Amino acid sequence: MTDLNGLLEPGSLVRHPTEPDWGIGQVQSNIGDRITVNFREMGKVVIDGSRIALVPVFGD
């Protein structure tokens, strides 16, 4: 599940697949399986990349 997560870098825009109300988030860091994302509607969240495959957002 971490294949695409491994490509995320600081500044990448993403959505959480099961939390659409959080809006678009910006990756702050991606270290190992820990991805820190600052979501517009939720704030800063640390995601376990081994359990959640974030969805990249392009052109928003």
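Model, not experiment: these values are computed from the prediction.

Asker: In this structure, what is going on with the pairing of strand β3 (residues 34-39)? I would like to understand it.
Answerer: Two faces belong to every sheet, and in a regular strand the side chains alternate between them. Looking at chain direction, strand β2 (residues 25-31) and β3 are connected through six bridges and run antiparallel. Bridging across to β3, valine 27 finds its partner in valine 37. What sits between the antiparallel neighbours β2 and β3 is a turn of two residues, in which glycine 32 has the positive phi angle 65°. One ladder, built from six bridges, connects β3 with strand β4 (residues 43-48); its direction is antiparallel. What sits directly across from arginine 34, in β4, is aspartate 48.

Asker: When you look at the sheet that holds β3 in this model, what are you seeing that I'm missing?
Answerer: Strand pairs in the sheet, formed through backbone hydrogen bonds, run parallel or antiparallel to each other. Taken together, five strands build an open sheet; the order of strands is β4-β3-β2-β1-β5 and the sheet is antiparallel. Two strands lie at the open edges of the sheet, namely β4 and β5 (55-56), each paired on one side alone. Where strand β1 (residues 13-15) meets β5, two bridges bridge the pair, whose relative direction is antiparallel. From the neighbouring strand, arginine 15 faces β5, where its bridge partner is valine 55.

Asker: Sorry, what's going on with the environment of glutamate 41 here?
Answerer: Within the secondary structure layout, glutamate 41 lies in the loop between β3 and β4. Classification of glutamate 41 by relative accessible area gives exposed; the value is 61%. Glutamate 41 sits 13 residues away from glutamine 28 along the chain, and the two C-alpha atoms are 16 Å apart. Apart from the residues lying within four places of it in its own chain, the contact partners of glutamate 41 are Asp21 and Trp22.

Cut-offs and rules
Residues numbered from 1 in each chain as written. Predicted model: local features only at pLDDT ≥ 70, side-chain atom pairs only at ≥ 80, totals over all residues. Heavy atoms only, no water. Pairing = 2+ DSSP bridges. Helix = DSSP H or I, 4+ residues; strand = E, 2+ residues; numbered from the N terminus. Buried < 20%, exposed > 50% of the residue type's maximum accessible area, 1.4 Å probe, protein only. Contact = heavy atoms within 4.5 Å.

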